[in-house]
Amino acid sequence: MKEIVIISGKGGTGKTSVAAALAFIVPKAVMADCDVDAADLHLILKPEIRTSEDFYSGVKAEIDPGMCIGCWECERVCRFNAISHASSIYKVNPLDCEGCGYCNQICPAQAISLPQQMVGQCFVSDTRFGCRLVHAKLGIGADNSGKLVAKVKKEAKKEALRTGMDYILVDGSPGIGCPVISSLSGADFVILVTEPTLSGLSDLQRVWQLTDQFKIPAGCLINKADLNPQITAQIKDFLDQQGIRHLDDLPYDEDFSQAITLGQSLVEIDPPKWKTRFDLIWQSIIKELS
Amino acid sequence: MKIAFTSTGTDWDAKIDPRFGRTDFILFYDEDTEEISTLDNREIVNVAHGAGPKTAQHIFEHAPDILITGNGPGGNAAAILATMHLKIYTGAGGMTVREAYDALKNNQLPEGV
Amino acid sequence: MKIAIASGKGGTGKTTLAVNLALRAAESTRVTLVDLDVEEPNSGIFIKGDLIREQQMFRLVPQWEKELCTRCGKCAEVCLYNAVLKLGETIMVLPQLCHSCHACSELCPVGALPMRDQPLGYLRHYRLGKLDFIESKLDIGVEMASPLIGQTLDYVRTNCPETNITFQDCPPGTSCAVINATKHADMVILVTEPTPFGLYDLSLAVDTMRHLGKSIAVVINRQGIGNEDVFRYCEAEKIPVWAVLPNRREIAELYSRGEIIYPKVEQFRQGLDAILQKLDALPRTI
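Residues numbered from 1 in each chain as written. Chains lettered and ligands numbered in written order. Predicted model: local features only at pLDDT ≥ 70, side-chain atom pairs only at ≥ 80, totals over all residues. Heavy atoms only, no water.

1. Observations regarding the pattern of salt bridges
What counts, and what does not: Definition used for salt bridges: Asp or Glu carboxyl oxygen within 4 Å of a side-chain nitrogen of Lys or Arg. Buried residues are those whose accessible area, probed at 1.4 Å on protein chains only, stays under 20% of the maximum for their type, while exposed residues exceed 50% and partly exposed ones sit between those limits.
The final tally for this structure, using the stated rule, is 47 salt bridges over all chains. A salt bridge links C:Glu27 to C:Arg24; its shortest N-O distance comes to 2.7 Å. On the basis of relative accessibility, which here comes to 46%, the residue C:Glu27 falls in the partly exposed class. Look at the salt bridges and you will find they share partners, linking A:Arg50, A:Asp126, A:Arg132, A:Glu159 and A:Arg162 into a network.

2. A short note on the interface of chain A and chain C
Note the following rule: When checking whether two residues touch, look at their non-hydrogen atoms; a contact exists if any pair is within 4.5 Å. Accessible surface is computed with a 1.4 Å probe, and the buried area is the amount of it that two parts give up when combined, taken over both parts together. Each polar contact in these results corresponds to two N or O atoms within 3.5 Å; when the atoms are within protein, one needs to be able to donate a hydrogen and the other to accept it, and residues that are neighboring in sequence are counted only if both atoms are side-chain atoms. Strands here are runs of E lasting at least two residues and helices are runs of H or I lasting at least four, both read from the DSSP assignment and numbered beginning at the N terminus. Basically, the charged four are Asp, Glu, Lys and Arg, the nonpolar ten are Ala, Val, Leu, Ile, Met, Phe, Trp, Tyr, Cys and Pro, and anything else, Gly included, counts as polar.
Taken together, the contact pairs 54 residues of chain A with 51 residues of chain C. Carbon and sulfur atoms supply 55% of the area that chain A and chain C bury against each other, a total of about 4400 Å² over both sides. On the surface where chain A and chain C come into contact, there are four salt bridges. A:Asp226 serves as the salt-bridge partner of C:Arg249, at 3.4 Å between the closest nitrogen and oxygen. Counting the contacts that link chain A with chain C gives 16 residue pairs in polar contact (both at pLDDT 80 or more). Where the side of chain A that touches chain C is concerned, the elements lending two or more residues are helix H2 (41-45), helix H4 (102-106), helix H6 (178-184), helix H7 (198-212) and helix H9 (255-262) of chain A. Tallying contributions element by element places H7(A) first for the side of chain A that touches chain C, with six residues. Residue classes in the side of chain A that touches chain C are distributed as 23 nonpolar, 18 polar and 13 charged.

3. Some words on the packing of helix H6 (residues 196-211) of chain C against helix H7 (residues 229-236) of chain C
All names here are of chain C. Here is the rule: Every axis in this analysis is a line fitted to C-alpha atoms, fitted for helices over the stretch in contact. Angles between the N-to-C directions lie between 0 and 180 degrees. Orientation labels follow simple angle bins: below 35 degrees gives roughly parallel, above 145 gives roughly antiparallel, 65 to 115 gives roughly perpendicular, and whatever is left gives oblique. Crossing handedness follows the turn of the near helix against the far one: under a right angle anticlockwise gives a left-handed crossing, and clockwise gives a right-handed one.
Two elements in contact, H6 and H7, have axes separated by 10 Å at closest approach and are oriented at 25 degrees. If you check the angle between H6 and H7, you find them roughly parallel. Viewed along their axes, H6 and H7 form a crossing whose handedness is right-handed. Facing H6, whose interface residues are Leu199, Leu202, Ser203 and Val206, H7 presents Asp229, Val230, Tyr233 and Cys234. Of the residues belonging to the contact of H6 with H7, the class tally is six nonpolar, one polar and one charged.

4. Side note on the interface of chain A and chain B
Interfaces are often described in size by the accessible area the parts lose on coming together. Of the residues lining the interface, 18 residues belong to chain A; the matching set on chain B comes to 16 residues. Buried surface at the junction of chain A and chain B, summed over both partners, amounts to about 1300 Å²; 50% is from carbon and sulfur atoms. Applying the counting rule to chain A against chain B returns one salt bridge. Between B:Asp24 and A:Lys154 there is a salt bridge, with the nearest N and O atoms lying 3.2 Å from each other. Inspection of the chain A/chain B interface yields four residue pairs in polar contact (both at pLDDT 80 or more). Elements with a minimum of two residues in the side of chain A that touches chain B: strand S3 (48-59), helix H5 (146-163) and H6 of chain A. The greatest single-element share of the side of chain A that touches chain B, amounting to five residues, is contributed by H5(A). Split by residue class, the side of chain A that touches chain B holds six nonpolar, eight polar and four charged.

5. Some words on the domain arrangement of chain A
Put simply, the rule is: Each domain span listed reflects an automatic or database assignment of domains.
When the domains of chain A are assigned, the result is domain 1 (2-57 + 120-289) and domain 2 (61-114). A C-alpha centroid distance of 41 Å is found between domain 1 of chain A and domain 2 of chain A.

6. Re helix H11 (residues 271-289) of chain A
All names here are of chain A. Selection rule: Here a helix's expected span is defined as the number of its residues, less one, multiplied by 1.5 Å. Along the arc lie the directions from the helix axis toward the C-beta atoms.
A rise of 1.5 Å per residue sets the reference length of H11, with its 19 residues, at 27 Å; its end C-alpha atoms lie 26 Å apart and thus fit the reference within 8%. Among all positions of H11, only Trp274, Phe278, Ile281, Trp282, Ser284, Ile285 and Leu289 are buried. For H11, the angular spread of buried residues about the axis comes to 160 degrees, placing them on one side. Of the exposed residues in H11, the ones pointing more than 90 degrees away from its buried face are Pro272, Leu280 and Lys287.

7. Thoughts on the side chain of A:Asp33
All names here are of chain A. Going by this rule: Charge assignment in this entry is limited to Lys and Arg as positive and Asp and Glu as negative, and neither His nor the chain termini are counted.
Note that Asp33 resides in strand S2 (residues 29-33). One buried charged residue, Asp33, forms no salt bridge at all, with the nearest opposite charge on Lys15 at 6.0 Å. A polar contact of 3.4 Å, which involves the side chain of Asp33, links it to the backbone nitrogen of Leu41. Excluding residues within four positions of it along the chain, Asp33 makes contact with Ala39, Asp40, Leu41, Leu133, Val134, His135, Ala136, Val152 and Asp171.

8. A short note on the sheet that holds strand S12 (residues 218-222) of chain A
All names here are of chain A. The following threshold applies: Any two strands with at least two DSSP bridges between them are considered paired.
Here nine strands make up an open sheet; going across it, the order is S3-S8-S9-S2-S10-S1-S11-S12-S13 and the pairing mixed. Each edge of the open sheet is held by one strand with a lone partner, namely S3 and strand S13 (245-249). The sheet shows a mean angle of 20 degrees between the axes of neighbouring strands, direction not considered. Sheet topology note: the strand S11 (residues 189-194)/S12 ladder contains five bridges and is parallel. The residue bridging Val190 from the neighbouring strand is Ala218, located in S12. Where H11 meets the sheet, it contacts strand S1 (2-7), strand S10 (167-171), S11, S12 and S13, and its direction lies at approximately 175 degrees from that of S13.

9. Looking at the packing of aromatic side chains
Residues and elements named next belong to chain A. Definition in use: Any pair of Phe, Tyr and Trp rings, taking the six-membered ring for Trp, is counted once the centres come within 6.5 Å. Such a pair is stacked with planes under 30 degrees apart, edge-to-face with planes over 60 apart, and tilted for the rest. Whether a charge sits over a ring depends on NZ of Lys or CZ of Arg being within 6 Å of the ring centre and within 35 degrees of the ring normal.
Applying the stated criterion across every chain, the model contains nine aromatic pairs over all chains. Ring plane angle 80 degrees and centroid distance 5.7 Å describe the contact between Phe256 and Trp274, whose orientation is recorded as edge-to-face. Of this pair, Phe256 sits in helix H9 while Trp274 sits in helix H11, and the two are 18 residues apart along the sequence. Note on Phe256: relative accessible area 11%, which makes it buried. Taking the ring centre of Phe55 as reference, the NZ or CZ of Lys147 above it sits at 5.6 Å.

10. Some details on the nonpolar core
The criterion, for reference: As used here, the term nonpolar core means buried Ala, Val, Leu, Ile, Met, Phe, Trp, Tyr and Cys residues forming a set that is joined through side-chain atoms within 4.5 Å.
Formed by 56 residues in total, the largest nonpolar core has its most connected members in A:Ile83, B:Leu67 and B:Leu81. Aside from chain neighbours lying at most four places away, what touches A:Ile83 is A:Ile63, A:Cys74, A:Glu75, A:Cys78, A:Tyr90, A:Lys91, A:Val92 and A:Cys103. Counting residues in hydrophobic clusters, the runner-up holds 43 residues, among them A:Ala136, A:Leu204, A:Ile216 and A:Ala218.

11. A word on unusual backbone geometry
Residues and elements named next belong to chain C. Backbone geometry places Ser100, a non-glycine residue, at a positive phi of 55 degrees. If you trace the backbone, Ser100 turns up in the loop between strand S5 (90-93) and helix H3 (103-107). Located in the positive-phi region is His102, a residue other than glycine, with phi close to 75 degrees. Mapped onto the elements, His102 comes out in the loop between S5 and H3. Judged by its relative accessible area of 11%, His102 falls in the buried class.

12. Here's the deal with the packing of helix H1 (residues 14-25) of chain C against helix H9 (residues 266-280) of chain C
The description of two packed helices rests on the angle between their axes and on the distance between the axes. All names here are of chain C. Orientation of H1 relative to H9, taken along the N-to-C sense of each, is 75 degrees, at an axis distance of 10 Å. Put simply, H1 runs roughly perpendicular to H9. Between H1, through Thr16, Leu17, Asn20, Leu21, Arg24 and Ala25, and H9, the contact on the second element is made entirely by Phe268, Arg269, Leu272, Asp273, Ile275 and Leu276. Tallied by class, residues from the contact of H1 with H9 come to seven nonpolar, two polar and three charged.

13. Focus: the environment of C:Arg222
Residue and element names in this part refer to chain C. Along the chain, Arg222 turns up in strand S10 (residues 216-223). In the structure, Arg222 is positioned 27 residues away from Thr195 in sequence and 9.5 Å away in space, judged by C-alpha atoms. Among residues more than four places away in sequence, those in contact with Arg222 are Gly11, Thr12, Glu193, Pro194, Leu245, Pro246 and Asn247. A distance of 3.3 Å separates the side chain of Arg222 from the backbone oxygen of Gly11, its partner in a polar contact.

As structure tokens, then:
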């Protein structure tokens, strides 16, 4: 079983469109959506939820008013200004609390507990493409974490083993932080989706610095390649230097937004145009995998 | 030589866990005594951030000479492992522990992180 | 007046709007633009001003004083982030995981973990006519966006007192970095595009901003693609749509080269002016 992760660094480069097209093409795959901040893959795959599970991550402080002696210690030590009091009632503002637990350590009355936070839900679903989708939804202000990404990937792997699938396709997390590291962990191949804009190039370089640490073979799709041929050439130079396989140039094409609007993948809205293309992309990925 | 493997199980036929920080088990093989021992790392699932460093700490405590894993540790974990006299071999994802051990003996695993 | 420009989804045109709006407004009044997307700040690509100040930004993280340490392990025990670990006789601090809560430092019985400055990144302050532009960029490998966002906003508060309007270009998503970037704003403009992806991500952003008690307005970018659902949603939720910006390849090309849009695309300029009028009409208490 092989795990392939799609990432981009910058938002809006077409990462999810690529994931949806591959979901249609790749035989015997389980999809995993780890872009939980803006999880959009379900809008194309239209999952029917089979199982859902509450997800707990991190802690936040809670003050038991019955035990609190109003000594002010917790408010004094909190560096995040998350504790305040009105008369002698002390309260934690959960939006500011970072769950460091300092107040819990220092409280002389043991009035502060650190309950695990229910931050979202994790789902395993059937999709109209026939493949299973593992996805998650976060609560307000909750952060994507390595833990949630690991959970989504683990469920996907379980599902793949149980149903005898050959591939796990992961729609990875954006940015360059802990969730991306977790998306990359254990992967067999990375697909980088970028666009030829100054911001796209700069974000690609930043995310590659991170990816390169993990020694995972990588390929790159340049989306909207004809938008700025000069930067596209710069991106290709960068790929050459870094030993990243150039998979394909995709055109600046209204089909991308058209497909999203229809709730379909590119391959569905215009098969002659897109199916062969993504078939070829998939073939070159398979070649890299073996 | 004491060799550590990130693994999904507790014997020679278990698969190497390609993940470092969130590996299910760490399997140790002592070549001198030919003994196998395992450390259950599955509690790591409850760690939101810093799984890599925590696992690296477990490895530190057992002081192996060699570590065999899949993709290799991230930056924070690597910093901890760098404080030990430890050779790290990656690229064993998909193999069993036995196959990975044989690959090591045949110099087929890439060294370093 | 502080206006945050945010969006649930990345790549909807947040930076394009923030930069163009700030430059347009600065034609007639003192304006500050601050780029709070500190992981991937891209506003600077579009603004060529004079650099008037550059400073390194820091935060406090513990530093191990080997000679003082008794190896009691209290520090590692209290750190819930695994940022302080006890490795045999060594205490190892991993600054990337540290949230600067001071617990290890202050609970150490012998003061062996004093808090010291740790570089976070750089803040740069540019001036271009009536525009003050401030951007902060995290050093690669530093994952702590929130402290740099907070300090950058502090800088703006003390260093740009004469400004009439501040635009804050926020990071994408609905995570705590976004909350830190928007929580002191007087008003939040959410940028979206009229596709199902745009709509779904907008609805998440709206829920977050309402939870924070913010007043919000929407700007719809790339009108022409997608469908009418975003408009219907805004109407049903009673969220004002302040402007509708066109979808044009020309705009995408200008953006790719790092150019300003409104001098070249009339319809885009009209959209900006509509937003500025709305901002003008806001009650002065803001």
